[in-house]
Structures are given as C-alpha cells and as structure tokens.
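Chains, contacts and geometry: an overview
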Amino acid sequence: MNKMKSMIATALGVSGLAFSSGTAHAADRVGFTISFQGITSDLSILMTSVMPSETLIMKSQASPTVAAGDLSFSDKGWKWQAPSEPGRHEMTFDKDGEKITLQIFVLTPFKNAENASLNGYKIGAYRKTLFKDLPTYAAPRGFIDLSDGPADLKISPHFTLGQFICKQQPGHDPTYLLVRPETLIKLETLLEAAAARGWKADTLHVMSGFRTPHYNRSIGNRTTSSRHLYGGAADVWLDGDGDGRMDDLNGDGKIDKDDARKLASLAESLAKKGGRDWPFGGIGIYGSTSAHGPFIHIDSRGYSARWGR
C-alpha cells in the first residue's frame, strides 16, 4: 500500500504543491493539499459543485473515498464521475491521521431565460455574454438545492451553507443557491488573519452571500455582473462579541466606517501577499445605514477591484 501511495504521489508531482504555513489551528488546516478546478487548498473542510454525470479531476497526496459515483485514478489524477441525479456527496481525503472533507454538490440543472425559475423558486435571467471574457461570468448551468445541505452543513471550517442563502422567498422549499470555493478560501484566510490580530470570532457574519438576478433587481441593483449572482461574493463584518454588528476594531469607542476600513486594510495586506489562499478579487468598504452597520465586500472575481475608500 505504501509503495502504491508513493507511486501515486510521484505521478501527481506532489513535491511541487505548497503546504500550510502552520498559522491556523490544527483542526482548520492539514499537512497536505487537494487540488481541483484550479484551486489548491489545505483547509480541512471545503466544497465544490459539478453538473450531473460530470467528471471532477483532483490531485492530492492523499487517497479519496466516496460512497457514490465512479472514482478512478489516472495520470491526470483522481477522477470522479458524478451520479446522474442532483444531490450531495461527501468525499474524504486521509493522510497520516489527518483528513480533508470535500462536500461535492451535484447541481440541479438550470436553463437561462427571462423570468426563469426552478420549482417555483425565482431565479431570473443572467447576462448572455461574458463579462471581461471571464468564464466565471458564464450563466450558471445549475444550482445547489439547499435540501441537499442542510443549512447548517459546514462547507469550510467556519462557514455553513445557510450563511449564503439569498434573502428572497423565505422558507421556500426547495431553495437554491450558489457558493464558490474560492470565496470560502478567502473568508477563512481573512478570519485567520483577524484572529492573529486579536480580533477573534467564530465566523464572519455574512450579511449578503448569493443573490439571484431576480432578487438583485428587486433591491434596485441593476448590474448584471455582480459576483453575488454567481455565488462568488460575500458582504461581511466581524462580530466577535455577538451583538449583531461590526466590532470596534480601531478601539475608538464607535462603530462606523473606520472599523470597516480596518478590516478591509487587513484584507488588502492579504491581497498584497497573494498566493493560493487569496485568489484575485474585489474589496469594497461600506458605512452604516438605517438598515445595517458597516461591512466589507469580499469576492473572487479573477481580477483586482477596490471601492468605497
């Protein structure tokens, strides 16, 4: 078995993969990585999605196990062909007593059209052309069914599926959403950096995660390229004391946009460092309104963007 694992590791070229810097708690990151869909991560929990019967190719120093679908190994890595029906499948990678859990959502197919819906859940229409020629702006081919979750399912060490639900049709069954793993990786990295700064919290409060085009227009947002529409953005604040608003990060006794600037400044320092744990994306800063306190926007759009200074 050890000889087989060694041969597989050599075939995958694992010596070229990066390892954790060791700055996170042991339960949050492990001493090996998994790579899939252009992502490499050592987070102990992560998620991704595929269409029914689609093949997911993964590389890792560890061997995966999964109860359903067709799993095989080739010179390209581990290949998993998803079942033909939507649902969720838990894949685990084990190595030297450490484990990565990859939650794989097989999506419910969607056809982009004006006033489109899925089983009564209003979606709306996505743009017909790519924004900046980026494939991440292609209309989604499918959506995660929340009932495959459930809402309290961890999709990264400190974030759950339910934190990213669109704020429309509350309680509708079924409910659909999208979440991109690149954004989860950034949120986890920001939370780690905040803890290292002394700003401790169990998670970041996600004020807005996924938005359908229908909902986005209903709140007066006319953009067709918001990363929220693609599950690749989150409006967040750090609420370590649990009072439902941003913490006083600059210590001036007030909760205002300056606290959002402090959190954004930390995100900017991570962006400057770069690397696999901070994919290119946007950072926005927002002040308080009558409806909410200050917050920052984090996304994984594939290029740098800044606003709201």
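For the structure itself, consult the block above.
Residues numbered from 1 in each chain as written. Predicted model: local features only at pLDDT ≥ 70, side-chain atom pairs only at ≥ 80, totals over all residues. Heavy atoms only, no water.

1. Considerations on the packing of aromatic side chains
Just so we agree on the cut-off: Centres within 6.5 Å make a pair out of two Phe, Tyr or Trp rings, where for Trp the six-membered ring is used; the pair is then stacked when the planes are under 30 degrees apart, edge-to-face when over 60, and tilted otherwise. Strands here are runs of E lasting at least two residues and helices are runs of H or I lasting at least four, both read from the DSSP assignment and numbered beginning at the N terminus. Exposure classes here rest on a 1.4 Å probe applied to the protein chains alone. A residue is buried below 20% of its type maximum, exposed above 50%, and partly exposed in between.
Considering all chains together, one arrives at 11 aromatic pairs under this definition. Measuring from ring centre to ring centre gives 6.4 Å for tyrosine 126 and phenylalanine 143, while their planes differ by 40°; the resulting arrangement is tilted. Of this pair, tyrosine 126 sits in the loop between strand E12 (121-122) and strand E13 (142-145) while phenylalanine 143 sits in strand E13, placing them 17 residues apart in sequence. Residue tyrosine 126 shares its accessibility class with phenylalanine 143, and that shared class is buried. On the basis of an interplanar angle of 70° and a centroid distance of 5.4 Å, the ring pair of tyrosine 137 and tyrosine 230 is categorised as edge-to-face.

2. Topic: unusual backbone geometry
The omega torsion across glycine 149 and proline 150 is 0°, close enough to zero to call that bond cis. With respect to the helices, strands and loops of the structure, proline 150 is situated in the loop between E13 and strand E14 (154-156). Here the residue pair aspartate 173 and proline 174 is connected by a cis peptide bond, since its omega of 5° sits within 30 degrees of zero. Structurally, proline 174 can be placed in the loop between strand E15 (159-160) and strand E16 (176-177). Residue serine 53 is not a glycine yet carries a positive backbone phi of 65°.

3. Some words on the nonpolar core
The cut-off we apply is this: Put simply, buried Ala, Val, Leu, Ile, Met, Phe, Trp, Tyr and Cys residues joined by side-chain atoms within 4.5 Å make one nonpolar core. Contact between two residues is taken to exist if any of their heavy atoms lie within 4.5 Å; hydrogens are not considered.
Of all hydrophobic cores here, the largest spans 79 residues; its most connected members are Leu102, Phe164 and Leu190. The element best represented in this core is helix H2 (residues 181-196), accounting for 7 residues. Ignoring anything within four residues of it in the chain, the contact list for leucine 102 reads Ile34, Phe36, Leu46, Met47, Thr48, Leu56, Met58, His89, Glu90, Met91 and Phe93.

4. A word on helix H4 (residues 257-273)
Every α-helix carries 3.6 residues per turn, so stepping three or four residues along brings you back to the same face. Note the threshold: In this scheme, a helix's expected span is set at 1.5 Å multiplied by one less than its residue total. In the analysis that follows, any N or O atom pair within 3.5 Å is treated as a polar contact, provided that within protein one partner can donate a hydrogen and the other can accept it, and provided that, for residues neighboring in sequence, both atoms belong to side chains.
For H4, built from 17 residues, the straight-helix expectation of 24 Å at 1.5 Å per residue is met to within 8% by its first-to-last C-alpha distance of 24 Å. Sitting at the amino-terminal end of H4 is aspartate 256, which places a side-chain oxygen 3.0 Å from the backbone nitrogen of aspartate 258. Just beyond H4, the residue with positive phi is glycine 274, at close to 70°.

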